[in-house]
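# Coordinate inspection notes
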Amino acid sequence: MPARPPLSLKARAVGYLSRREHSRAELSRKLAPHAESPEELTRLLDALERENWLSNDRFVDSLVHRRASRYGAARVMQEARTHQLDGEQLADLQDRLRATEVERARAVWQKRFGTPPESAEEKARQIRFMMARGFSSAVVSRLIRDADALGGDWGDTEG
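Residues numbered from 1 in each chain as written. Predicted model: local features only at pLDDT ≥ 70, side-chain atom pairs only at ≥ 80, totals over all residues. Heavy atoms only, no water.

## Describing a negative patch on the surface
- The grouping of Asp57, Asp86, Glu88, Asp92 and Asp95 at the surface amounts to a negative patch.
- Here the negative patch gets 3 residues from one element, more than from any other, and that element is helix 6 (residues 87-112).
- Relative to the helices and strands, Asp57 resides in helix 4 (residues 56-67). (Patch = residues over 30% accessible without salt bridge, like charges linked within 9 Å, V, L, I, M, F, W, Y side chains within 5 Å. Areas by Shrake-Rupley, 256 points an atom, 1.4 Å probe, with all protein chains shown as cover. Salt bridge = Lys/Arg side-chain N within 4 Å of Asp/Glu carboxyl O. Lys, Arg positive; Asp, Glu negative; His and termini not counted. Charge placed at Lys NZ, Arg CZ, Asp CG, Glu CD. Helix = DSSP H or I, 4+ residues; strand = E, 2+ residues; numbered from the N terminus.)

Set out below in structure tokens:
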């Protein structure tokens, strides 16, 4: 069987982008080993942005869709910062996440635990779990306090 010719840089980029959204920094990092020069890579990334194949705004939406239902604002923001997004995009993302953090935390807690902690050890375990997921201490405290007050039964309400 004859060897296939190597993929062009653009074909590699389109292949990555066809599977999921990538930030410019992430795509650059993945393509760098295959580029003949940094200038070639920059030209390709600029062209992909002009042709609307590559968009940091769409990447942010994708990140929210993939991560926000399981993680708190701190954890999602930490991941977003690794993608070298601009300050305005990061600020917008943080606002979006903070606006829904209580509801998202409640859904994560309900799925994982569903009942208020019955001991100090259980309470500490629930708090550690939620904090590790990136939810703020204020949100976690409110969540545990509300769970104690309501007996863990929020029903099907969202908020």
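Moving on, there is more to tell.
## Things to note about helix 7 (residues 120-132)
- For helix 7, which comprises 13 residues, the first-to-last C-alpha distance of 18 Å matches the rise-based estimate of 18 Å (1.5 Å per residue) to within 8%.
- What helix 7 keeps buried is the set Gln126, Phe129 and Met130. Considered in projection along helix 7, the buried side chains sweep an arc of 95° and stay on one side of the axis. Turned more than 90 degrees from where helix 7 packs its buried face, Ala120, Glu121, Arg128 and Ala132 sit exposed. (Expected span 1.5 Å × (residues − 1). Buried < 20%, exposed > 50% of the residue type's maximum accessible area, 1.4 Å probe, protein only. Arc of directions from axis to C-beta.)

## Things to note about the nonpolar core
- Grouped together as the largest cluster of nonpolar side chains are 14 residues, with contacts concentrated most on Leu63, Ala80, Leu85, Leu93 and Leu97.
- Among the elements of the structure, helix 4, helix 5 (73-81) and helix 6 are those that each provide at least two residues to this core. (Core = buried A, V, L, I, M, F, W, Y, C linked by side-chain atoms within 4.5 Å.)

## Some remarks on the UniProt feature "domain: RecX first three-helical" (unreviewed entry) in the protein
- What UniProt calls "domain: RecX first three-helical" (unreviewed entry) maps, in this numbering, to residues 10-34.
- This span, residues 10-34, is 72% helix and 0% strand, and a straight line between its end C-alpha atoms measures 10 Å. (UniProt positions renumbered as here; feature names shortened; annotations may be inferred.)

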